[in-house]
Structures are given as C-alpha cells and as structure tokens.
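Close look at the chain arrangement
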Amino acid sequence: MYPPPPPAPHRDFISVTLSLGESYDNSKSRRRRSCWRKWKQLSRLQRNVILFALAFLILCGFLSYVQVADHWKGLSGRPTEEEKMRPEIPGLKPANPPVLPAPQKADANPEDFLEMLPQKPRRHFRQGPPHLQIRAPNTVPKDRTHDDTKEREAVQGNAQQEENTQRTVISWRGAVIEPEQGTELPSRRLEASMKPSLAARVKKEPVPLNERQKGVIEAFLHAWKGYCKFAWGHDELKPISRTFSEWFGLGLTLIDSLDTMWILGLKKEFEEARKWVSEELKFQKNVDVNLFESTIRILGGLLSTYHLSGDSLFLRKAEDFGNRLMPAFATPSKIPYSDVNIGTGVAHPPQWTSDSTVAEVTSIQLEFRELSRLTGIKKFQEAVEEVTRHIHSLSGKKDGLVPMFINTHSGLFTHPGVFTLGARADSYYEYLLKQWIQGGKKETQLLEDYVAAIQGVRTHLLRRSQPRKLTFVGELAHGRFSAKMDHLVCFLPGTLALGVHHGLPADHMELAQALMETCYQMNRQMETGLSPEIAHFNLYPRADRQDVEVKPADRHNLLRPETVESLFYLYRVTGDRKYQDWGWEILQSFNKYTRVPSGGYSSINNVQDSNKPQPRDKMESFFLGETLKYLFLLFSDDPDLLSLDTYVFNTEAHPLPIWAPA
C-alpha cells in the first residue's frame, strides 16, 4: 500500500483592477460593472433561484395592491356617520362626482351657470348608471318661497299618524275603488360596481329655459311650499285643511319629487329633501305597502335619483326597500300578493279577494330589473321575469288583450271576458314595450306581445265618436262593447309614439295622433279645461250632444299626468308645437281651478263647473312626480334633455337608463 498523497495547499485569490490615470470615485458605472461581474460568477442554479424569488415577490406585491385598492374603493362608497349627520348637504359629495351637473340654486346668477356645460354620454360596459345627457337648467325664478318652519311644526304636532290602520278600499293610481265582493346592504365587493362611472364628457352649450318652463318651475315651487309647510315628511298634502294624509308613512310626495327637483334645477329643495332621506327615511316599520304603488313611486324614485345625482345614498335605500318587498313573491304561483308589510315581511292579498290585478304584477319589472343590474343581486330580476313569462304563457287572452285579475294561488286569470286599457290593466301594455326598450330590444317575446295587443285594441276596442269622429278606446265585457274611456287610457298615445321612435310601424303613429286629439278634447270640452276621470263617448249623431259626456260620479280630476305625458312623447317624436300649446292650456287650467293660495294644488270634484269646481283637499304625489315633470320636458327646446334613446320612463315618470350592450 502506498501512503495517500499530501493535500494540495489552499490558495486564496485576490482580484485587483488596475486603472491607469484614474482614481476610484465610487461611481454608479463602476458599481454596475462590479455587480454584473458578481452576477456572472454565480452558478446557473443560483441565478434561477434568485430570479424565481424576485418574480414571486413582484406577483405577491401586485395582488396585495389590488386587494387594498378594492378595499378602499368599497370604503369610499359609504358615507361615514359623521357625513350622514352633517347639517349642511352642500359639502356632502358622492365618492365619484355626480354624473350630471348639480342643479343650481334658485338665487344663482343665470350667467354664472353658463359655465357649467352639459356632458354627452358614451356607451358603458360595466354595472352602474350611464353617463347622463341631462343637465340642470340655467335659470330658475328668483321670487322663491321659503319654508315656514314654525307653522309646519305646529300643524305636524296636531296631526296623528296611524301606521297600522286597516283599509277597506282599494286605490288605483290615486282613484278610490270600492272592493268587489266574491335586508341587507350592498357588500363591499359590489359597491365599486354600483358607483357611477366616469367618462370623457363632450361639452355643449346649454339650452336656456323658456317662459313656459319657468312657469312649470313656479308651479312646482308653489306646490312644494304647501308640502313643506303642512305635510313635510308625510305622504300627501291636504292643501285646503293645511294638513297631511298618510298612506304608507314613507314621505311619498318627497320621494316621488326628488328627480323632478333635480331636473328642474331646484338645488336648495333637493338638498333639504336629500337630508330627510338620509336622516329620517326608515323602512323598518310595521306598515303594509302596496307592492305596485310603492315600487313605481318609492323604488323607482330612488333609482332614478341615484342615476341623476350619482349619490349612492339613494341606491342603498333602494336596495333596502327592494329586499323588503320580496316576500310578496312567496306565493304558490309566484304571482305576487298585492300587499306586503315591510317591517314584518308578511305579505297578503287584499281583504276582499285572493286576486292581484294584472297591471300591478306586470308593472314592477323595470324597477326590479334595474335594481338587479346595479347591485348584482339576481333575485329581484328573476322574480319579476318569472311573472312576465307566466303571463305570456297563460290562456284566456283575446288577441293579445288580457283580463284585469289573476289569482295568486292558481296563477290563472279570473273574471275572464272583461278587457280594458283603463284601471287594473293599463300599464301591462306600457311595460311590454318599455321592458323591450330597457333591455336593448333583444327580448322579442315582449315586443311580440305588445304588437299583438295593439292589434287587439284595433280589432275589439277602437271606435269613433259623433259628431267629431274622435277615435277612442272603449271596453269589452263578455262580448258587449262599452263606449267608456278612463283618463288613464291617455297613456296610450305616448306609448305608441315611443314605439314608433324605436322602429315600430308608422301606422302606430297615426293611431297615436288620433288618440292624442281625443285626450285633448276630453280636457277642452270641459268647462274647466280639465279632463274627467272617466269619459263616455257618443256613438250616434245628435245635434244637442258633444262627443264627450260625463256622469256625475266620474267628473272629478285628480291632477293626473297621462294627457301631458302623451303630449311630451308626441312632441318629442313629431316636433309639432301644437302639442306644446295644448300642454300650456292644461297648465293654465291647473293654475286657475286647482291652485290653493296657501300652497299646493288640490284635485277637484267637478270639471264641468268652472265657478264651483269643489276642491277635494288632496294633492297626489304624482302631480309633482309626473304631471309637472312631463310639462317641463314638453316645453323644453332641448331634445337631448332625457333623450328617448338613453332613458325609459317608468309608469311614475322616473327615468331609468336603457341598457347598453354588454
């Protein structure tokens, strides 16, 4: 054996860099070369490990940034408690700027407002309100009225609110009809999608207010003065007795008027109302509400105001209220009950029947669908669209016309053979077209049902009166025609014109213009210039009779909007200024025969007596929410003010966006 060889001696190496004529100055270029040399001295494995670690750290940092950003966005969508309790609203702004300019104060200089230029929308591809074309008006009357706080508090102190009163009558859009016998807040994850999105805005010169629009603003302020003095925070004003009446106890007139104030540019009034919604509007109360009426007025009003103002307060309130309405759909047939207690969650039909009216269950779809789109909660849209599909598949129709009642247990039509476009059926036809428009004209089933119904109207319900041959829509009961037309039917000319604007046949416009003339004559042939609730038409020529006759029980006027609503659509589609003139005549009649000097307007009992119209001592919420809003839009010289290509109005005149393609 040989001894092992001695170990090799350990050698240390020192790298020395020689530079001629240069001194070491710790420069960055030298450090970079030194680092690169060290990097090259590493093995391939070591370099791969370092690169993998750097990539992992960068990925973790990016994910952490996204989570933190979403977290703060969610928090920014919710106003703090301190913000909610601020006494002055002007300093309170949504997380993102409003999607249209805030309305100017009434005492603002009109020239100053010209600096606030309107904004054009662009198509959006995410949840949230669209970029609105509406802008606030540039002037409002300076002779404004102010709230009389002491007087209001005194009146409210004498009034007693009864939240749990059981009612024995049925109300349909303000008309009292005697009975026939026989929560959860939006999640942080969704709040970012609920906030208004921002887009590039195209400037355009604002269109100045004209004298007729200023007249509408003055009428609104007079009505609002009475509400603020005598009914603040309550449902409806009783202007003659200077007190209020309650229906739901939810500030119905105030909520119904929010978007009207925004459109008219009444900033001070809007801010006061917004503060009440923030601090006083509570839905946790033991009260029954009508599903249909509360949806179109409260839910629709909150959603519309959210879209116009960009204030997330209104969307949070809308979602809370929508959740409280959902128990109404818990029926064997999924056809909702007419009433639901928003405090206890107990839903039920009217006391006198287990039926719901067809118009009620088919005229809540626009609002619930939009609530789902904004919140991402599908149950709202699924519930109402199941109703729509069910009605579509039912038998018992007559060439597209539907009966007035449907049973919530069996899901079948009841009282068959009775067909009308008046109370209890009217807005079924309206919402067929408007859902089709809202959804981007993709749901052909809705359009087919609408077109079939209009043909059914032509076949079975259309007649001409004598002596002026006015075209009118009557009623059919078990094969027998009645020449009776509710004022509610005057929604139809506007709906027909809206359909033509969106591409339906031109003969729909011919019918719309003929019916518009009839609705105008229903006003003009009355001594007060205001339409009765129901009109009867003469079918046979007689020298001593006009076309329109009114029975004593039908000669009241509830300040309804249907005629001026259709005038708005007809003017927008045709540009014929006679429709503006007709609307101006009606506004003057409202001022002459229904205006109450202390504030407010009152429905009247007798449209045929100009000396004693007999005020009924009630101002319906829809007078501010619909009638005056449509008059203001009718008189506008700006076709882009709530464009028919961008918005669709619910049956309470609350504008909701037409969905952009996804």
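Look above for the structure.
Reference entry: report on the structure contained in this document. Everything numeric here is computed off the predicted structure, so don't read it as measured data.

1. Observations concerning helix 11 (residues 312–325)
Because each turn of an α-helix spans 3.6 residues, side chains separated by three or four positions end up pointing in the same direction. Between its terminal C-alpha atoms helix 11 stretches 20 Å, which fits the 20 Å expected from 14 residues at 1.5 Å a residue. Sitting at the head of helix 11, Asp311 places a side-chain oxygen 3.0 Å from the backbone nitrogen of Leu313.

2. As for the packing of helix 20 (residues 578–593) against helix 21 (residues 621–635)
As a packed pair, helix 20 and helix 21 sit with axes 9 Å apart at the nearest point and diverge in direction by 140 degrees. Classified by the angle between their axes, helix 20 and helix 21 sit oblique to one another. As for how helix 20 packs across helix 21, the hand of that crossing is left-handed. Between helix 20, through Tyr579, Gln580, Gly583, Trp584, Leu587 and Phe590, and helix 21, the contact on the second element is made entirely by Phe623, Thr627, Leu628, Leu631, Leu634 and Phe635. Grouping the constituent residues of the contact of helix 20 with helix 21 by class yields 9 nonpolar, 3 polar and no charged.

3. Section: unusual backbone geometry
Residue Pro467 is reached from Gln466 by a cis peptide bond, and omega for that bond is 10 degrees. For Pro467, the position within the fold is in the loop between strand 12 (462–464) and strand 13 (471–473). Even without being glycine, Arg424 reaches a positive phi, approximately 80 degrees. With respect to the element layout, Arg424 can be found in the loop between strand 11 (418–419) and helix 15 (426–438). Phi at Leu559 takes a positive value of approximately 65 degrees, unusual for a residue other than glycine. Examined against the element boundaries, Leu559 turns out to sit in the loop between strand 18 (548–549) and helix 19 (562–574).

4. Considering the sheet that holds strand 8 (residues 355–357)
Within a sheet, neighbouring strands are paired by backbone hydrogen bonds and run either parallel or antiparallel to one another. Read from one edge to the other, the open sheet built from 3 strands follows the order 8-9-10, with strand pairing classed as antiparallel. A single partner strand is all that each edge strand has here, and the edge strands are strand 8 and strand 10 (413–414). Pairing between strand 9 (residues 405–407) and strand 10: 2 bridges, direction antiparallel. Bridge pairing in strand 10 links Ile406 to Phe413.

5. Description of the packing of helix 16 (residues 444–460) against helix 18 (residues 507–524)
Helix 18 packs onto helix 16 with a crossing angle of 50 degrees between their chain directions and a minimal axis gap of 12 Å. With respect to each other, helix 16 and helix 18 are oriented oblique. As helix 16 runs across helix 18, the sense of the crossing is left-handed. Counted together, Tyr450, Ile454 and Arg458 of helix 16 and Asp507, His508 and Leu511 of helix 18 form the full contact between these two elements. Taken together, the residues of the contact of helix 16 with helix 18 break down into 3 nonpolar, 1 polar and 2 charged.

6. Some remarks on the state of the cysteines
For the structure shown, the criterion picks out 1 disulfide. Covalent S-S linkage joins Cys490 and Cys519, the inter-sulfur distance amounting to 2.1 Å. Disulfide Cys490-Cys519: torsion about the S-S bond near -105 degrees, hence left-handed. With Cys490 in the loop between strand 16 (484–486) and helix 17 (492–501) and Cys519 in helix 18, the pair connects residues that are 29 residues apart, well separated along the chain. Here the two residues Cys490 and Cys519 agree in accessibility, since each one is buried.

7. As for helix 17
Burial of helix 17 is extensive: 9 of the 10 residues sit out of reach of the surface. Taken as a whole, helix 17 has its buried residues at Leu492, Pro493, Gly494, Thr495, Leu496, Ala497, Leu498, Gly499 and Val500. Buried positions along helix 17 lie against helix 15, helix 16, strand 13, helix 18 and helix 19. Positioned one or two residues after helix 17, Gly503 has a phi angle of 105 degrees, which is positive.

8. Looking at the sheet that holds strand 16
Taken in spatial order, the 3 strands of this open sheet run 16-17-18, and their pairing is antiparallel. A single partner strand is all that each edge strand has here, and the edge strands are strand 16 and strand 18. Note that strand 16 and strand 17 (residues 534–537) share 3 bridges and pair antiparallel. Directly across from Met485, in strand 17, lies its bridge partner Ala535. In the packing of helix 18 onto the sheet, the strands contacted are strand 16, strand 17 and strand 18, and the crossing angle to strand 17 comes to about 110 degrees.

9. A word on the pattern of salt bridges
Per the counting criterion, the structure on display carries 24 salt bridges. Notably, a salt bridge pairs Asp581 with Arg212, separated by 3.1 Å at the nearest N-O pair. Taken as a pair, Asp581 in helix 20 and Arg212 in helix 7 (residues 211–230) lie far apart in primary sequence, 369 residues in all. Take Arg212: its relative accessible area is 25%, and that puts it in the partly exposed class. Note that Glu533 is salt-bridged to Arg560, the shortest N-O span being 2.9 Å. With Glu533 in the loop between helix 18 and strand 17 and Arg560 in the loop between strand 18 and helix 19, the pair connects residues that are 27 residues apart, well separated along the chain. Assigned by exposure class, Glu533 and Arg560 land together as buried. Overlapping salt bridges bring together Glu236, Lys618 and Glu620 as one network.

10. Some words on the nonpolar core
Among the nonpolar cores identified, the biggest contains 160 residues, and Trp224, Leu254, Phe368 and Leu421 are the most heavily contacted of them. Examining the composition of this core, we find that 10 residues originate from one element, helix 7, more than from any other.

11. Some details on the packing of aromatic side chains
Applying the stated criterion across every chain, the model contains 24 aromatic pairs. Both rings, one in Phe270 and one in Phe314, keep their centres 6.1 Å apart while their planes meet at 50 degrees; by these two values the pair is tilted. With Phe270 in helix 9 (residues 267–279) and Phe314 in helix 11, this pair connects stretches of sequence that are 44 residues apart. For the residue pair Phe270 and Phe314, the accessibility class agrees, reading buried in each case.

Scoring rules and cut-offs
- Residues numbered from 1 in each chain as written.
- Predicted model: local features only at pLDDT ≥ 70, side-chain atom pairs only at ≥ 80, totals over all residues.
- Heavy atoms only, no water.
- Helix = DSSP H or I, 4+ residues; strand = E, 2+ residues; numbered from the N terminus.
- Expected span 1.5 Å × (residues − 1).
- Polar contact = N/O pair within 3.5 Å; in protein donor to acceptor, adjacent residues only side chain to side chain.
- Axes fitted to C-alpha atoms, helices over the stretch in contact; angles between N-to-C directions.
- Parallel < 35°, antiparallel > 145°, perpendicular 65-115°, else oblique.
- Left-handed = near helix turned anticlockwise from the far one by under 90°.
- Contact = heavy atoms within 4.5 Å.
- Nonpolar A, V, L, I, M, F, W, Y, C, P; charged D, E, K, R; others polar.
- Pairing = 2+ DSSP bridges.
- Disulfide = S-S within 2.5 Å.
- Buried < 20%, exposed > 50% of the residue type's maximum accessible area, 1.4 Å probe, protein only.
- Salt bridge = Lys/Arg side-chain N within 4 Å of Asp/Glu carboxyl O.
- Core = buried A, V, L, I, M, F, W, Y, C linked by side-chain atoms within 4.5 Å.
- Phe/Tyr/Trp six-rings, centres within 6.5 Å; stacked < 30°, edge-to-face > 60°.

Purely geometric numbers; function is a separate question.
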